[in-house]
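Coordinate inspection notes
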Amino acid sequence: MFKNYVKIAWKVLWRNKFFTFVSLFGISLTLMTVIILIVLIDSKVGNSSIDPYRSRSVYVDKIELLSPDRWHPYTPSYYFLDKYVRPLKTPEMVSIHAAMMISFFEKEKKYTADMNYTDGNYWRLMNYNFEEGNAYKDEEVAHAAPVVVINEKMKRDIWGGQSCVGKYIEILDVKHRIIGVVENTSTSYMIWLPLTHDVRDLRNVKYDGNYAATLLAKNEGDIDNIKAELQAVASRAEMIDPARYSKVRIIADTSMEKFARSIGPGKELVMSVIISFMILFMLIPAVNLVNVNISRILDRASEIGIRKAFGASSKRLILQFVVENIMITLFGGLISLVMAGIMLQLLKGMNFVPVTANLINWRVFLLSIVTTLFFALLSGVYPAYKMSRMNVVDALKN
Amino acid sequence: MISLKAIEKVYRTDTIETVALNNINININKGEFVSIMGPSGCGKSTLLNIMGLLDIPSRGEVQIDGKPVVSFKDAELAELRNRKLGFIFQSYHLINDLNVLDNTELPLIYRKISGAERKRRAMEALTKVGLSARAKHYPGQLSGGQRQRVAIARAIVGQPEIILADEPTGNLDSVMGNEIMKILNTLTQDDKVTIVMVTHDEQIARQTSRLIRLYDGSLVN
Ligand SMILES: Nc1ncnc2c1ncn2[C@@H]1O[C@H](COP(=O)(O)OP(=O)(O)OP(=O)(O)O)[C@@H](O)[C@H]1O
Ligand SMILES: [Mg+2]
């Protein structure tokens, strides 16, 4: 029976090429956009092979200082994080790091790169694939060893892809020995240095600076305890210039909260806006498909009348039309996955999306399937119900 | 088999009320070949549709084998139409998206029959109407007479007890009309199928066992 529905659906879709094309176009475009959105959000908040502990991480990259009239937002300094955040008891691990842009000359050419000052824990939290060499250890950080990790893109563009480990590169007037090359995770040049080379900020005794900390919780349930300990520590912190700022507050976010904050106000609000946007976005073409489907009732009225006259029950007819709609929608879903793949490649090229963002990811895949089926039912059930309720004689008159 | 008791059918629109059928009492017995005649608009199609459970009367009762039809649920009605009845329409009503074979096997799709068996029976029915060679054609590629023969094959493929035909020869020339009549006659004589047929043609009506005349929604004796 089911095989029959599929066969008939296939024939009908194939013979009504124009309708099929229009429907597929709308469905694919919609689903593609939704899938890309899902991938984008997932790449910001979900665990990935390179950043495997996101769901257990708490990020501290903002503090607020209270002046007599209001709270002022700042990026924390190394001094502050080292003194108050690193010694916390609750986290399993704390990593402190900073990111900035630098320029350097190599072979008489100027390059601009994303540079990260990190501690040794950074490499325990992240799981970069090393093409050659390896990362620096705690000891090398402690001694400010002149070493550096670069990415594949630098190796390819500056040294033509030849092995780089052991070569030297001058960064901020210091010659660093390359000890590792990691696979690309973005389209820019990337450099990692032991943070002890950051002579300017490291010894500054003040609370505002340009560092961030990543705190790894023992498990997801422990995240709230970490946040509580952070607040306790902040409330006991000794203020450096009490006349100016009387209190400090630590902003601690999970990856989801961080993402939400990067777009707007509260996490709940942002999530509900995103979800409503997605539903609304699907609703428009779904309503359109409902419309197309209903107007198709007229074209197919005689078929419905005939089927009823020869023994199709309303239930059977509903099933038939829903199967048809699921088929076309799943097919559209397939096309949209391909389109999303191409689109992602383009977006990665323009650096809108991290190179690590991945379509082939069970979370994304599952969500896409659910979205597709939701769309199929959204646009198929009502017209099917309407079709099945048609009076046979009226249907045959068409 | 089918009995109509005090059937009335009224169509209401905003402005007018049409009485399409008025106090109709008919019994159709097993094995009969009944023809229905009457001027255009007198209610012949309406009557046939009510007999075939495609339409419901405004008043009165339709019984199938002694059971009132109103007591059946949607699924039971579908089953009755599927097993007991076979329709032939004046304008063929084939599904254009399906080829001749798929059109013919339609009633069998709604039964638990394997695909191979459906194909076999559909081919058999097509052979009876002399169209087995056109099985893979689409309705759009056939002449009117051929389409009507496909419609007949579809009506007989499920071996229903009753065939209801609304002007099966109405759109055909007399040669083709006689062909169709030959097939219907064979069905009543060899297979003991009950047939109720609407026709405009006295010549054709004379070949049947009983004639019902309708005028302005009422039976005429
Ligand atoms: N859906 C409808 N709404 C309103 N009036 C209708 C409807 N269907 C049929 N009628 C009216 O009912 C009457 C009977 O129609 P019916 O189709 O049964 O006639 P008929 O005898 O089959 O005619 P013909 O020989 O032309 O096919 C006609 O007057 C017609 O206008
Ligand atoms: Mg008629």
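Residues numbered from 1 in each chain as written. Chains lettered and ligands numbered in written order. Predicted model: local features only at pLDDT ≥ 70, side-chain atom pairs only at ≥ 80, totals over all residues. Heavy atoms only, no water.

Identification of chain B as Putative ABC transport system ATP-binding protein from Chitinophaga rupis is taken from an unreviewed UniProt entry. The UniProt entry for chain B carries the following comment under Sequence similarities (unreviewed entry): "Belongs to the ABC transporter superfamily. Macrolide exporter (TC 3.A.1.122) family." (UniProt positions renumbered as here; feature names shortened; annotations may be inferred.)

Named according to an unreviewed UniProt entry, chain A is Putative ABC transport system permease protein originating from Chitinophaga rupis. The record in UniProt for chain A states the following under Subcellular location (unreviewed entry): "Cell membrane".

Looking at the sheet that holds strand β10 (residues 218–220) of chain B
Pairing between sheet strands relies on hydrogen bonds along the backbone, with the strands arranged either parallel or antiparallel. Residue and element names in this part refer to chain B. Ordered by their spatial adjacency, six strands build an open sheet running β6-β7-β8-β3-β9-β10, and the pairing between neighbours is mixed. This sheet does not close on itself; its edge strands, each paired only once, are β6 (85–88) and β10. Along the sheet, successive strands turn relative to each other by an average axial angle of 25°, direction set aside. Where strand β3 (residues 33–37) meets strand β9 (residues 210–215), four bridges bridge the pair, whose relative direction is parallel. Directly across from I36, in β9, lies its bridge partner I212. The strands that helix α6 (residues 144–157) touches are β6 and β7 (162–166); relative to β6, the one it contacts most, it runs at about 175°. (Pairing = 2+ DSSP bridges. Helix = DSSP H or I, 4+ residues; strand = E, 2+ residues; numbered from the N terminus. Axes fitted to C-alpha atoms, helices over the stretch in contact; angles between N-to-C directions. Contact = heavy atoms within 4.5 Å.)

Some thoughts on the UniProt feature "transmembrane region" (unreviewed entry) in chain A
Residue and element names in this part refer to chain A. Here, UniProt's "transmembrane region" (unreviewed entry) annotation points to residues 21–41, 269–290, 317–344 and 364–385. Helix makes up 100% of residues 21–41 and strand makes up 0%, while its end C-alpha atoms are separated by 30 Å. Along residues 317–344 the backbone is 100% helical and 0% strand, and the end-to-end C-alpha distance reaches 39 Å.

Here's the deal with the interface of chain A and chain B
The interface of chain A with chain B comprises 24 residues on the first partner and 27 residues on the second. Here chain A packs against chain B, burying approximately 2300 Å² in sum over the two surfaces, 57% of which is carbon and sulfur. By the criterion of area lost to chain B, the three top residues of chain A are A:R15, A:I306 and A:F310, representing 28% of everything that side buries. The tally of links from chain A across to chain B stands at zero salt bridges. Scanning the region where chain A abuts chain B turns up four residue pairs in polar contact (both at pLDDT 80 or more). Elements supplying a minimum of two residues to the side of chain A that touches chain B: α1 (2–15), α10 (267–309), α11 (314–349) and α13 (392–397) of chain A. Top contributing element to the side of chain A that touches chain B by residue count: α1(A), with six residues. Residue composition of the side of chain A that touches chain B, by class: 10 nonpolar, seven polar and seven charged. (Buried area = accessible area lost by both parts, 1.4 Å probe. Salt bridge = Lys/Arg side-chain N within 4 Å of Asp/Glu carboxyl O. Polar contact = N/O pair within 3.5 Å; in protein donor to acceptor, adjacent residues only side chain to side chain. Nonpolar A, V, L, I, M, F, W, Y, C, P; charged D, E, K, R; others polar.)

A few points about the packing of aromatic side chains
The description of an aromatic ring pair rests on the distance of the ring centres and on the angle between the ring planes. Residue and element names in this part refer to chain A. As enumerated under the stated definition, the model contains 17 aromatic pairs over all chains in all. Ring geometry for Y111 versus Y189: centroids 5.6 Å apart, planes at 90°, classification edge-to-face. With Y111 in strand β4 (residues 109–118) and Y189 in strand β9 (residues 189–194), the pair connects residues that are 78 residues apart, well separated along the chain. The same class applies to Y111 and to Y189, which are both buried. (Phe/Tyr/Trp six-rings, centres within 6.5 Å; stacked < 30°, edge-to-face > 60°. Buried < 20%, exposed > 50% of the residue type's maximum accessible area, 1.4 Å probe, protein only.)

Regarding the confidence of the model for chain B
Looking at chain B as a whole, the pLDDT averages 92, with 100% of positions reaching at least 70. Model confidence for the complex: the whole-complex pTM is 0.70, and ipTM, which rates the interface, is 0.93. (pLDDT = per-residue confidence, 0-100.)

Points about the sheet that holds strand β2 (residues 17–28) of chain B
Residue and element names in this part refer to chain B. In space, the four strands of this open sheet follow the order β2-β1-β4-β5, with antiparallel pairing throughout. Of all strands in the sheet, those bounded by a partner on one side alone are β2 and β5 (67–68). Pairing of strand β1 (residues 2–12) with β2 involves eight bridges; the strand directions are antiparallel. The partner of I7 across the bridge, within β2, is I24. Sitting on the sheet, helix α1 (residues 44–51) touches β1, β2 and β4 (59–64), and the angle it makes with β2 is about 55°.

Looking at the site of ligand 1
The full set close to ligand 1 counts 13 residues, and B:S40, B:G41, B:K44, B:S45 and B:T46 are the nearest of them. Ligand 1 sits at the junction of chains A and B, each of which supplies nearby residues. A distance of 2.9 Å separates an oxygen atom of ligand 1 from a polar atom in the backbone of B:G41. Within the backbone of B:C42, one N or O atom sits 3.3 Å away from an oxygen atom of ligand 1. In isolation ligand 1 exposes 640 Å². Once the protein is present, 67% of that is buried. When residues of the shell around ligand 1 are traced back to their parent elements, those giving at least two are β2 and α1 of chain B. (Near = heavy atom within 4 Å. Areas by Shrake-Rupley, 256 points an atom, 1.4 Å probe, with all protein chains shown as cover.)

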